[in-house]
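Single-letter residue listing:
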Amino acid sequence: MPSNYRLTQWVQEMARLCQPDRIHWCDGTKEEYDRLMAQMVAEGRAIPLQKRPNSFLFRSHPSDVARMEDRTFISTPSKDDAGPTNNWVAPDELKAIMLRLYEGCMRGRTMYIIPFSMGPLESPMTKIGVQITDSPYVVCNMHIMTRVGTKVLRALEAGADFVPCLHSVGTPLAPGQEDVPWPCAPMEQKYISHFPEENLIWSYGSGYGGNALLGKKCFALRIASAMARREGWMAEHMLILRLISPEGHQYHIAAAFPSACGKTNLAMIRPTLPGWRAECLGDDIAWMKIGPDGRLYAINPESGFFGVAPGTSYRTNPAAMDTLWGNVIFTNCALTDDGDVWWDRMTPEPPPHLIDWEGQDWTPDRGTPAAHPNARFTAPTAQCPVISPDWEKPEGVPIDIFIFGGRRATMVPLVYEAYNWDHGVFLGATQSSEKTAATFGTVGVLRRDPFAMLPFCGYHMGDYFAHWLQMGDRLGDKAPRIFYVNWFRKDPEGRWLWPGYGENSRVLAWMCARVDGKVGAVETPIGLLPRPEDLDLRGLDMPPENLRELLRVDVDAWRAEIPDIERHLAQFGDRLPQRLREQLWQLQARLG
Ligand code: TSX
Ligand code: MN
C-alpha cells in the first residue's frame, strides 16, 4: 500500500462504495499480465492464439462494441461551459445517479488499482492517473496502452498529483453466480462521465476500449484538453510522424483526421518518394507544449496502439501488420481454424472457414463481416518496425507542420496550405468528412468534426478555438505551418483520383519544401495550392487531367458550401472567436 494520503483515502472510499471481494494493487509486471491472462483463458473469456506468441482473442458482448457518444458526459457546474457539442448533466445530479449504480457494483469481483503514467516518467509533460477497475481485460489493455507499475507508485508516494479514474463493468456477482465472458451493463445504465473542474473520470457499464481504458480518450483527450487550456498547452487528437528528406533533414508532422481517414496508416507511412524515410511517433494523441526555444514540442502520451483491425493489411499498412507479430490483445476479430485472427480485407481472399466475432461458424458466402467493423488490436508501440528511436524522448519533438483533413469525394483539393495561423485554425474548426459504412449512420453525409475533437473536447468548443488562436499568438513566427489534405477525391465515374498510402509522401514532401521556402504555391480563394509542377510525381503514372482535377478549386461549389460552414460555426454562439468570424468573411470575399 502506498503512502499517498489522497490516493489511499480515495481507494478506501471507492472500495467501501463498490464492495469488491478483493483489492489488487497492480505492479505492471509481465508476471501480473501473464497471471491475469491465464485466469481469463481458464474462465473461457480469452482465446490464446496458436499462431502469435502471447496473443489472445476476446469477444465482447454484441451490445458493447464501440465508444458510446450519447452516454458520454462533460459534467461542468455550468451547462454553458460544456458547450453545444457535449452531453451535459450537472455534477451533483450525475454523481447521485452514478453513486447508486456504483453501490455494491463490484460484489464477487476483484477491484484492481492501476497506477499509470501518460507519457514517459522522465518527461515534464507526463501526467499520472490511477484507474480503479473490476475488469482484468482492462488491466491487461492498460499494461500495453499506458506505463503501469511501481515506478508510478513511487512517484505518487513522492507526492505526485494524479487523475482518479473509476471504472466498473457494472455487473456484480451474487455468491456462487457464474460470470459471463464479457460482463457489461445495459445501454441506459452506461455512463462515461468527466468532471473536468476536478480532474475526475467515472465510467460505468461498458468494458470496451475508449469507454473503459480511461487513460486514452477520457484522460489524455477530454480531461487533458481542459487541463491544457488552463495550463497553456495542447492535448490533441493527432498522430505524430517524422519525415526525413534525402538530405537527412527532419520534419515533424502532427495530423488530425476524423475516423475512417486512415490516421494509423499515415502515422506508419512508407514513403514511395525515392530517398525519403518516415518514422512513427504516435498514431492517436499528441500532447504539445512550447519549449525553451519557443517552438511547439509534442509527445505521444500512450505506449500502445489501439487500432481498428478491419482494412489493415500488408497493402494498406505493412508496419502495423508487422507490429502485430505477438504480445497482442485482439478484440472482436474472427478466429481462423489454425488458431490465428482474421479480419475483413486483411488478405485478398478470405479463408474458407472462420469463427466470426460472435462465435458463429462463418464462410465467405455468409455476406456478413467476419470481424466486427470496430474490431481492435492492442499492441505495444515499441513493436512497430518504423517507430522512431526518439518516440520516448522526454522533451518531445518540435512540430513543423500541422495537417487537418477529411474524406471528400468532390470539391476539396488534394492539398492546400493556410494563409496564416488564423486561417489554419479556421480550417481545423470547419474540418469535414463524409461518413462511410464503417462510421455508421448515413453513408456520404457530411459531418463537421472540428480538429477531429468533436467527441473528445472536454470543454466548450468555442473556447477551444480561442485556445488555439492564443497558442498561435504565443508561438508567433515559430508556429507550425498548417495544411489541409483530402486523399479521397473521386472522378465523376467514382474512381479514386489519388493513389494514396505511400504516395502521400509526395504531398508531405511539398509541405516540407514550403516550410523551407523552396517551392511556390498559387493563391486561390481557399488557400495556397501547389502548381502541378510543384508536386514531385516522378515514377507515378498519373494522367495530367487527374492531377489538374485534384488541384482544381471549384469556386461555385465552395460558395455553395458557405451556408453549411456558417450554420456549423453559429452553434458556438458568442463563444465563437471574432477572429474565426473574420476568417469566414475573408473566405466569402475571396470566393466573390
Ligand atoms: O489510409 C488511407 N490512406 C492514408 C494512407 C497513408 N486509406 C484507407 C482509408 C480507410 C481507413 C486510403 N484509401 C487512402 C489513403 O491515402 N486513399 C484511399 C482511397 C484509395 C483506395 C484504394 C486505392 C487508391 C485510393 N487503390 C487501389 O485499391 C489499387
Ligand atoms: Mn482516435
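Read on for a plain summary of the structure. (Residues numbered from 1 in each chain as written. Chains lettered and ligands numbered in written order. Predicted model: local features only at pLDDT ≥ 70, side-chain atom pairs only at ≥ 80, totals over all residues. Heavy atoms only, no water.)

**Topic: the overall build of the chain**
On a plain count of helices and strands, the chain comes out with 16 helices and 31 strands. Its C-alpha radius of gyration of 24 Å places the chain within 12% of the 25 Å reference for a compact globule of 592 residues. Dimensions along the principal axes, computed over C-alpha positions, put the chain at roughly 70 × 55 × 45 Å. Taking all 592 residues of the chain together, the buried fraction comes to 62%. (Helix = DSSP H or I, 4+ residues; strand = E, 2+ residues; numbered from the N terminus. Rg over C-alpha atoms; globule rule 2.2 N^0.38 Å. Buried < 20%, exposed > 50% of the residue type's maximum accessible area, 1.4 Å probe, protein only.)

**Quick notes on the coordination of the manganese ion (ligand 2)**
For the manganese ion (ligand 2), the full set of protein donor atoms is Lys-217 (NZ), His-237 (NE2) and Asp-284 (OD), and the range of their distances to it is 2.1 to 2.2 Å. Site description for the manganese ion (ligand 2): donor spacing in sequence, K-x19-H-x46-D. Here the residue Lys-217 occupies a position in helix α8 (residues 215–231), and His-237 occupies one in the loop between β11 (234–236) and β12 (239–244), the gap between them amounting to 20 residues. Like Lys-217, the residue His-237 is buried in the burial classification. (Donors = N, O, S within 2.8 Å, 3.2 Å for Na, K, Ca; no water.)

**As for the packing of helix α11 (residues 421–429) against helix α16 (residues 578–591)**
Running from amino to carboxyl end, α11 crosses α16 at an angle of 90°, the nearest separation of the two axes being 9 Å. As summarised for this structure, α11 and α16 are arranged roughly perpendicular, according to the angle between their axes. In this structure, α11 uses Asp-422, His-423, Val-425, Phe-426 and Ala-429 to contact α16, whose residues at the interface are Arg-579, Leu-580, Gln-583, Leu-584, Leu-587 and Arg-590. (Axes fitted to C-alpha atoms, helices over the stretch in contact; angles between N-to-C directions. Parallel < 35°, antiparallel > 145°, perpendicular 65-115°, else oblique. Contact = heavy atoms within 4.5 Å.)

**Considering the side chain of Glu-503**
Along the chain, Glu-503 falls in the loop between β29 (481–485) and α13 (505–515). Overall, the relative accessible area of 18% leaves Glu-503 in the buried class. At a separation of 2.9 Å, a polar atom in the side chain of Glu-503 contacts the side chain of Arg-506. Beyond its immediate chain neighbours, meaning those up to four positions away, Glu-503 contacts Thr-272, Trp-498 and Leu-540. (Polar contact = N/O pair within 3.5 Å; in protein donor to acceptor, adjacent residues only side chain to side chain.)

**Here's the deal with the site of ligand 1**
Ligand 1 sits among 15 residues. The nearest are Gly-262, Asn-265, Gly-500, Tyr-501 and Asn-504. Protein chains bury 72% of the 640 Å² of accessible surface belonging to ligand 1 in isolation. Partitioned by chemical class, the residues of the shell around ligand 1 number nine nonpolar, four polar and two charged. (Near = heavy atom within 4 Å. Areas by Shrake-Rupley, 256 points an atom, 1.4 Å probe, with all protein chains shown as cover. Nonpolar A, V, L, I, M, F, W, Y, C, P; charged D, E, K, R; others polar.)

**Quick look at the sheet that holds strand β16 (residues 296–299)**
Ordered in space as β11-β15-β16-β24, the four strands form an open sheet in which the pairing is antiparallel. At either end of the open sheet lies a strand with only one pairing partner, and these are β11 and β24 (397–398). Two elements, β16 and β24, share two bridges in a ladder whose sense is antiparallel. Paired with Tyr-297 across the two strands is Pro-398, which belongs to β24. Sitting on the sheet, α8 is in contact with β11 and β15 (286–290), with an inclination near 155° to β11. (Pairing = 2+ DSSP bridges.)

**Quick notes on the nonpolar core**
Trp-287, Phe-330, Trp-343, Phe-402, Trp-468 and Met-511 are the most contacted members of the largest nonpolar core, which has 170 residues in total. Sorting elements by how many residues they give to this core places α8 first, with nine residues. In this structure, Trp-343 is in contact with Ala-309, Pro-310, Gly-311, Thr-312, Met-321, Leu-324, Phe-330, Cys-333 and Ala-371, ignoring residues within four places of it in sequence. The next biggest cluster of nonpolar side chains, apart from the first, holds 32 residues, and it includes Leu-101, Ile-113, Leu-200 and Trp-202. (Core = buried A, V, L, I, M, F, W, Y, C linked by side-chain atoms within 4.5 Å.)

**Details of the sheet that holds strand β19 (residues 334–336)**
Taken in spatial order, the four strands of this open sheet run β20-β19-β21-β22, and their pairing is antiparallel. Both outer strands of the open sheet, β20 (341–342) and β22 (361–362), are each paired with one neighbouring strand and no more.

**Details of the pattern of salt bridges**
Going through the model one piece at a time under the given rule, you end up with 43 salt bridges. Across the pair Asp-284 and Lys-263 runs a salt bridge whose closest N-O atoms are separated by 2.9 Å. Here Asp-284, found in the loop between β14 (277–282) and β15, pairs with Lys-263, found in helix α9 (residues 263–267); they are 21 residues apart in sequence, far enough to count as distant. Among the residues examined, Asp-284 registers a relative accessible area of 8% and is labelled buried. (Salt bridge = Lys/Arg side-chain N within 4 Å of Asp/Glu carboxyl O.)

**As for the packing of aromatic side chains**
Given two aromatic rings, one states the distance between the centres and the angle between the planes to describe the pair. If you walk through the whole model with that rule in mind, you get 30 aromatic pairs. Ring plane angle 85° and centroid distance 5.4 Å describe the contact between Tyr-102 and Tyr-204, whose orientation is recorded as edge-to-face. One end of the pair, Tyr-102, is in helix α4 (residues 91–102); the other, Tyr-204, is in strand β10 (residues 200–204), with 102 residues separating them in the sequence. We classify Tyr-102 as buried; its relative accessible area is 0%. A residue is classified by how much of its surface remains accessible, and Tyr-204, at 4% relative accessible area, is buried. (Phe/Tyr/Trp six-rings, centres within 6.5 Å; stacked < 30°, edge-to-face > 60°.)

**Considering unusual backbone geometry**
We note that Asn-332 has phi near 65°; this positive angle belongs to a residue other than glycine. Relative to the assigned elements, Asn-332 resides in the loop between β18 (329–331) and β19. According to the relative accessible area criterion, Asn-332 is buried, its value standing at 0%. A positive phi is found at Tyr-501, a non-glycine position, where the angle reads about 50°. Inspection of the secondary structure puts Tyr-501 in the loop between β29 and α13.

**Comments concerning the pairing of β29**
The buried fraction of β29 is high, at four of five residues. Sheet topology note: the strand β25 (residues 401–405)/β29 ladder contains five bridges and is parallel. Along β29, the bridge assignment pairs Phe-402 with Ile-482. Strand direction decides the pairing type here: strand β26 (residues 415–417) and β29, joined by three bridges, are antiparallel. Among the inter-strand pairings, Val-415 is bridged to a residue of β29, identified as Val-485.

**Some points on the pairing of β25**
Across the five residues of β25, five count as buried, placing the element largely inside the fold. Side chains of β25 alternate between two faces, with Ile-401, Ile-403 and Gly-405 and Phe-402 and Phe-404 buried alike. Where strand β13 (residues 250–256) meets β25, four bridges bridge the pair, whose relative direction is parallel. Bridge assignment links Ala-254 to a residue of β25, and that residue is Phe-402.

**Description of empty space enclosed by the protein**
According to the stated counting rule, one finds five cavities of 30 Å³ or more in the structure shown. Contributing to the lining of the largest cavity are 18 residues, with Tyr-416, Leu-427, Thr-430, Trp-558 and Ile-565 lying nearest its centre. Listing elements by their share of the lining of the largest cavity, those giving two or more residues are α11, α15 (555–570) and α16. Class assignment for the residues of the lining of the largest cavity results in nine nonpolar, five polar and four charged. (1 Å grid on protein atoms, 1.4 Å probe; cavity = no way out; pocket = protein on both sides within 12 Å on 5 of 7 lines; lining within 4 Å. Points joined across faces, edges and corners; volume = space filled by probe spheres on them.)

Keep in mind that these numbers describe shape and distance, not what the molecule does.
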